[in-house]
Structure formats: C-alpha cells, structure tokens
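Observations on the model geometry
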Amino acid sequence: MARDYYEILGVSRDTDKEEIKQAYRRLARKYHPDVNKEPGAEDRFKEINRAYEVLSEPETRARYDRFGPEGVSGAAGSGFQDVGDMGGFADIFESIFSGFAGGMGNPTQQRRRSGPARGDDLRLDLKLDFREAVFGGEKEIRISHLENCEVCSGSGAKPGTRPRTCSTCTGSGQVRRVTRTPFGSFTQVSTCPTCNGTGMVIEDKCDACDGKGANQVTKKLKITIPAGVDNGTRLRISSEGDAGQRSGPPGDLYVYLFVNEDEEFQRDGINILSEIKLSYLQAILGCRLEVDTVDGPVELIIPAGTQPNTVMKLENRGVPRLGNPVSRGDHMLTVLIDIPNKVTPEERELLEKLAKIKGDRTGKGGLEGFLGNLFK
C-alpha cells in the first residue's frame, strides 16, 4: 500500500503550499541520487517527487484529499517549479504529458489517430554549479530527439509516392468485431492491425527513415538559465521535443535543474549562509576582515566583543529573486571563535596577567576557564 503523501513530505494535511515546497526542496537535496549514494535513495527521491507532484497543485491535492491515491493515479506533471520558455517567467506549465484522457475503447480518441498528433515531450536533467544557479547565464546542452525526415517531409513514403487509405479499416483506424452469444450480440472495437490505427498504409517506404517519417537527431542548443534558479526549477524550451506525427506540432523539451553543493556557501531561499572563524583576540578587540561572497571578497567590520554564533548580515549579497533579479537576498555569516588548545609561554604569561586584572583564578584549567568566561 502506497504511503501517505503528506507523511512522505513530513507535513500536516493543513500545511500551505509554500511549506510543502520548502519540505520538498529540503528532502530533494537530501535524497537526490547524485548526492545520496545510499541504497534506496533513488526510490525515496522518486517517492518525494510524486508526493510533491500531487500536493503542489490545488486540484490534484483536493482529489487526493477526497479519494486518496486512486483519485490521482493518472495525474501528469513532475512536481517541479517551471519558469517557462528559455528562461521566461509567465508561462507556467500545468501538465507535462498529455493524452491520458483517451482509452482503447473510446471511438473519438481512436479516430483522432488518423489526424495530426503532437510529438512527445522530452526531459533533460542539467547540473549547475552554485554560482551558475545564483547568477544564471547561457548554457550549452546536447539533446537527442526525433526530427521530421527531410527526404519525405515526414510522410514516410518514398518521394513521388503517397500513402494509400487502409483497405482493412477504410481509413477509420479501427476495426469492429461482432460476436453473437445466447445473451445477445457484442461489438468489440480495436485498433486496426494493418495500419496500426493511422488509417493509411505506406507501400513504398522512404529509404532515409524506413517509412517512419522521422529520424533520431543529436543537436546542440544554447539555453538561458535565469538568475536565482534552485534545485527543482524546470525550464521549458518550445518545439525541441520529438517531431509530431502526420504534420502534427513537435513536443517541448523540459530541462530540470539540479545545483551542486558548494564547499563554502549554503542556500536558504534567497539568502546565502556561510561561516567565518575569528581568533579570540579578534573577537575581543574587533577587527576588519575580508570575507568571501558570491560577488567576490568583501571587507567586513567585526565589532569589539563579538560573541560566538553571532550572525552578521551583508545586505543584497544573496541570491537574486527568481523573476526579479534586481531584488536580492542577504548573505548571513555565522561567527565561530577559534580558542587555541595550546598557547606559547609568552602568550600564557600575558593571559594570566589579564586574568589577574579581571580577578579570575588561574592555574591548572584556569586559562580555559578564563577564556570560557570571556564569551558568556
């Protein structure tokens, strides 16, 4: 029995959409197969994606709440944030794959097979470095997709010839079989075995595509990565999916972005987190310190008497807001105090003098106690 989607994401049933998104991103970073090599991590990642896919959309979430997993068993989509064509922001994609409404026993759907059919959508996973995700830019990708055959223009027939109407189904794409029983007559409708539901038969196949009307082609594309993307962001590139059939439009290409972890920086929404280490003397006396940011080195003023775990903020040094790159988050630096395990005799003498001035006891363990009291 499938686990409850709310339980998978670790959220309650009255959780709002933003909290669901945050829970998904946190778990996606933890269980992504490129990051987590433990057995079962990939299955857990897929389970998390499916849960977010359903709970992130109000309609599918409402069906799930009412009917359970059976109510969303045919739902499409992938549970990722979509930022539209080539980095645009207004075109929000509601469902990646279409065509789930039809059935083998639906005559209307069967008849449509003889007309133009849209090509399949394709997916590409793309890894980005931390700074590439922050600032965006152009990225070259390589894809393999179906393109209409240039020789036969997608018809599948040898140049100078044309497909003929299927004689088995007379162009309908389906055949009917009537079975008589003591209880009455039953009519069974199925796909025509001669033309595979297209209604047309190619007698002289195109040599370039073997009658398929399309060939697998590998090509390079340059795509624009918007500033501020994160794990799970999805880009749509129009008409770069597989070619359509019978003069139908091509599908789209969906690029899913995954951001590599950085050794120095972490991300919290549009804020960037990092740590700085100070000596105990720098913390007591204050100093000017050069710290790393995604924009490069920046001078930071450390006030005298800075305490351990103090969080210092560099405004507008964080991640650009997706869709509004002028607006940026902040860079939050957590102060760590480096207390030495050993000191030189000269340093110890000076520290003991300072301890006497403050009236603190020294001796075995006294110095450590003194330093510990400094930062209470």
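Model, not experiment: these values are computed from the prediction.

1. Some thoughts on the pattern of salt bridges
One pass over the structure, following the stated rule, counts 24 salt bridges. Here Glu240 ties to Lys219 by a salt bridge, and the two come within 3.3 Å at their closest N and O atoms. Of the two residues, Glu240 sits in the loop between strand E9 (233–237) and strand E10 (253–259) while Lys219 sits in strand E8 (residues 214–225), which places them 21 residues apart along the sequence. Classification of Lys219 by relative accessible area gives partly exposed; the value is 24%. Salt bridges sharing common partners tie together Arg3, Glu7, Arg44 and Glu47.

2. What to know about a negative patch on the surface
Taken together, Asp14, Asp16, Glu18 and Glu19 make up a surface patch of like negative charges. Residue placement: Asp16 occurs in the loop between helix H1 (5–9) and helix H2 (17–31). On the basis of relative accessibility, which here comes to 41%, the residue Asp16 falls in the partly exposed class.

3. Let's talk about the packing of helix H3 (residues 41–55) against helix H4 (residues 58–67)
Contact pair H3 / H4: the axes reach a minimum separation of 6 Å and the direction vectors enclose 100°. The pairing of H3 with H4 is recorded here as roughly perpendicular in orientation. In this structure, H3 contributes Glu53, Val54 and Leu55 to the contact, and H4 contributes Thr60, Arg61 and Tyr64. Residues of the contact of H3 with H4, tallied by class, amount to three nonpolar, one polar and two charged.

4. Observations regarding the packing of aromatic side chains
By convention here, two paired aromatic rings are described through the distance between centres and the angle between planes. For the structure on display, the rule yields five aromatic pairs. Considering the side-chain rings of Phe45 and Phe258, the 6.3 Å spacing of their centres and the 55° angle between planes classify their relative orientation as tilted. Pair noted here: Phe45 is in helix H3 and Phe258 is in strand E10, with a separation of 213 residues, a long-range link. Residue Phe45 shares its accessibility class with Phe258, and that shared class is buried. Taken together, Tyr5, Tyr6 and Tyr64 form an aromatic cluster joined through their ring pairs. Positioned above the aromatic ring of Tyr31, the side-chain terminus of Arg44 is 5.0 Å from the ring centre. Over the ring of Tyr256 we find Arg123, and its NZ or CZ is 3.8 Å from the ring centre.

5. A short note on helix H8 (residues 345–358)
Along its 14 residues, H8 runs 20 Å from first to last C-alpha, staying within 8% of the 20 Å computed at 1.5 Å per residue. Two residues or fewer past H8, Gly359 is found with a positive phi of approximately 80°.

Cut-off values and rules
Residue positions within a chain follow its written sequence, with the count starting from 1. Thresholds applied to this predicted model are a pLDDT of at least 70 for local features of residues and 80 or more for the giving and counting of side-chain atom pairs; totals over whole chains, interfaces and linings are not thresholded and use all residues. In computing side-chain properties, one takes all heavy atoms of the structure into account and sets aside hydrogens as well as water. Any carboxyl oxygen of Asp or Glu that lies within 4 Å of a side-chain nitrogen of Lys or Arg is treated as forming a salt bridge with it. Here a helix means four or more residues in a row that DSSP labels H or I, a strand means two or more in a row labelled E, and each is numbered from the N terminus. Buried, partly exposed and exposed residues are distinguished by accessible area as a fraction of the type maximum, computed with a 1.4 Å probe on protein chains only: under 20%, between the cut-offs, and over 50%, respectively. Exposure above 30% relative accessible area and the lack of any salt bridge qualify a residue for a patch; like charges then connect within 9 Å, and the nonpolar side chains Val, Leu, Ile, Met, Phe, Trp and Tyr within 5 Å. To measure how exposed things are, a 1.4 Å probe is used in the Shrake-Rupley method; for residues, cover is taken only from the protein chains shown. As used throughout, the charge tally considers Lys and Arg to be positive and Asp and Glu to be negative, leaving His and the chain termini uncounted. Here the site of a charge means NZ on Lys, CZ on Arg, CG on Asp, or CD on Glu. Only the stretch in contact is used when fitting a helix axis, every axis being a line fitted to C-alpha atoms; angles between N-to-C directions are given from 0 to 180 degrees. These descriptions rest on fixed angle ranges, namely under 35 degrees for roughly parallel, over 145 for roughly antiparallel, 65 to 115 for roughly perpendicular, and the rest for oblique. Throughout, a residue-residue contact means that at least one pair of heavy atoms, one from each residue, lies within 4.5 Å. Under this grouping Gly is polar, as are all residues other than the nonpolar Ala, Val, Leu, Ile, Met, Phe, Trp, Tyr, Cys and Pro and the charged Asp, Glu, Lys and Arg. Side-chain rings of Phe, Tyr and Trp (the six-membered ring for Trp) are treated as a pair once their centres are within 6.5 Å; stacked means planes under 30 degrees apart, edge-to-face means over 60, and tilted covers the remaining angles. In our convention, an over-ring charge means Lys NZ or Arg CZ found within 6 Å of a ring centre and within 35 degrees of that ring's normal. By this rule, a helix spans an expected 1.5 Å times one less than how many residues it contains.

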